[in-house]
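Residue strings, one per chain:
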Amino acid sequence: MMTPMRADPKPIVDLIIPAYNEQQNIVALGCAIPRDYFRHIILVDNNSTDNTADLARQQGFVVLHQPTRGYGAACLKGICWLKLQCPPPEMVAFLDADLSDDPSLLPKLGKPIARGEAMMVIGSRRKLAEPGSLTFTQRFGNRLACFLIWLTTCKKFTDLGPMRVIDWPTLLKLDMRDTTWGWTVEMQYKAAARKLACFDIDVPYRRRNAGVSKISGSIKGSIKAGYKILMTIFCLWCGDRCGKWFGCAKQKDIAIDD
């Protein structure tokens, strides 16, 4: 059951930014983030070979180093660090470092959670994306993944947008595991399967500020990410089905023993 956040109009919100070789974007990113909304801005350097980490420190970010490459691995590193903070956050936001999403909209995504109306809010890029900012492969993959989530959980999403805000206790309960590009879909599938209150808010999306995308920047990257996302949904669905089957079998065994 959802419980409203404290009456304080400024809840404790922390931001996690996974980053790999984003030195061209860090200064602009620091200027775009609404600093007064966040307690900690955590940039997880995913073993960059450029000056991403140093520039992030200059911007006042908390910089963590995750040598194991992978989007999910970087996010998990940030979560582990937040578990050590006292008090813990009330909400956690996730944002890519490329400035394709507008960081100034994160407070808007957090409002429904602060009001107790939602546990997770996704920034959906589908309607307001700038022409050319999402490739055909990305659009098709997002639609297919959202369709599969709906087919297996009856929950409708419109996007797997990386900009999102989630209630901290909910994030812990989801027990996130994926260390690569299946991270976003794992979060949404698990939330949908558990019938949690979550929805999309349309947000603008633009071409990345600088640099090359690790996914859409190459055909190989797009195919690998798409495959990983679809396999994540399949594995989570199979896990849920097996869990339900074994749960029913266990209940039958108990009934027979009784």
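Residues numbered from 1 in each chain as written. Predicted model: local features only at pLDDT ≥ 70, side-chain atom pairs only at ≥ 80, totals over all residues. Heavy atoms only, no water.

*Asks:* Is there a simple way to think about the overall build of the chain in this case?
*Replies:* When its secondary structure is counted, the chain shows eight helices and seven strands. Relative to its full complement of 258 residues, the chain shows a buried share of 50%. For the chain, long-range pairs separated by at least 24 residues make up 77% of all intrachain contacts whose partners lie at least 6 apart in sequence. For the chain, the accessible surface area stands at approximately 13,100 Å², while carbon and sulfur atoms represent 59% of it. (Helix = DSSP H or I, 4+ residues; strand = E, 2+ residues; numbered from the N terminus. Buried < 20%, exposed > 50% of the residue type's maximum accessible area, 1.4 Å probe, protein only. Contact = heavy atoms within 4.5 Å. Areas by Shrake-Rupley, 256 points an atom, 1.4 Å probe, with all protein chains shown as cover.)

*Asks:* Looking at this model, I keep getting lost on the sheet that holds strand E5 (residues 120-124). Mind explaining?
*Replies:* The strands that make up a sheet are held in pairs by hydrogen bonds between backbone atoms, and each pair lies either parallel or antiparallel. If you trace the seven strands from one edge of the open sheet to the other, you get E3-E2-E1-E4-E6-E5-E7, paired in mixed fashion. Two strands close off the open sheet at either side, each with one partner strand: strand E3 (62-65) and strand E7 (198-202). Shown here is a sheet whose adjacent strand axes are inclined to one another by a mean of 20°, direction ignored. Of the strand pairs in this sheet, strand E2 (residues 40-45) and E3 are connected by four bridges, and their pairing is parallel. Bridge assignment links Asp45 to a residue of E3, and that residue is His65. In this fold helix H3 (residues 71-82) packs onto strand E1 (13-19), E2, E3 and strand E4 (91-94), with an angle of close to 150° to the strand it touches most, E1. (Pairing = 2+ DSSP bridges. Axes fitted to C-alpha atoms, helices over the stretch in contact; angles between N-to-C directions.)

*Asks:* Any chance you could explain the side chain of Ser100 here in plain terms?
*Replies:* Inspection of the secondary structure assignment puts Ser100 in the loop between E4 and helix H4 (106-114). For Ser100, a relative accessible area of 3% gives the class buried. Dropping the residues within four chain positions of it, Ser100 is found in contact with Pro204, Tyr205, Arg206, Arg207 and Arg208.

*Asks:* Looking at this structure, I do not really get H4. What am I missing?
*Replies:* Structurally, the α-helix is built with 3.6 residues per turn, so residues lying three or four positions apart point the same way. Listed in full, the buried residues belonging to H4 are Leu106, Pro107, Leu109, Gly110, Pro112 and Ile113. Against the buried residues of H4 lie E1, E4, E5, strand E6 (164-167) and E7. Immediately beyond the C-terminal end of H4, within one or two residues, lies Gly116, with a positive phi of roughly 80°.

*Asks:* Just checking my understanding: could you explain empty space enclosed by the protein for this structure?
*Replies:* To find leftover empty space, a probe the size of one water molecule is rolled over the atoms. Evaluation of the coordinates by the stated rule reveals one cavity of 30 Å³ or more. Estimated volume of the largest cavity: approximately 60 Å³. Lining the largest cavity are Arg126, Leu134, Arg139, Asn142, Arg143, Thr158 and Asp159. Of the residues that constitute the lining of the largest cavity, the class distribution is one nonpolar, two polar and four charged. (1 Å grid on protein atoms, 1.4 Å probe; cavity = no way out; pocket = protein on both sides within 12 Å on 5 of 7 lines; lining within 4 Å. Points joined across faces, edges and corners; volume = space filled by probe spheres on them. Nonpolar A, V, L, I, M, F, W, Y, C, P; charged D, E, K, R; others polar.)

*Asks:* Quick question: what am I supposed to make of the side chain of Lys190 here?
*Replies:* Relative to the helices and strands, Lys190 is located in helix H7 (residues 183-193). Relative accessible area serves as the criterion here: at 10%, Lys190 is assigned to the buried category. Separated by 2.9 Å, the side chain of Lys190 and the backbone oxygen of Leu174 make a polar contact. A polar atom in the side chain of Lys190 sits 2.8 Å from the backbone oxygen of Asp175. Leaving out residues up to four positions away in the same chain, Lys190 has contacts with Leu174, Asp175, Met176, Arg177 and Leu236. (Polar contact = N/O pair within 3.5 Å; in protein donor to acceptor, adjacent residues only side chain to side chain.)

*Asks:* What is the right way to look at the pattern of salt bridges in this model?
*Replies:* Note on pairing: side chains with opposite charge can pair once their charged atoms come close. In the structure shown here, the tally under the stated rule is eight salt bridges. Its salt-bridge partner being Glu186, residue Lys190 comes within 2.7 Å of it at the nearest N-O pair. Of this pair, Lys190 and Glu186 both sit in helix H7, four residues apart, roughly one helical turn. For the pair Lys190 and Glu186, a shared accessibility class is recorded, and that class is buried. (Salt bridge = Lys/Arg side-chain N within 4 Å of Asp/Glu carboxyl O.)

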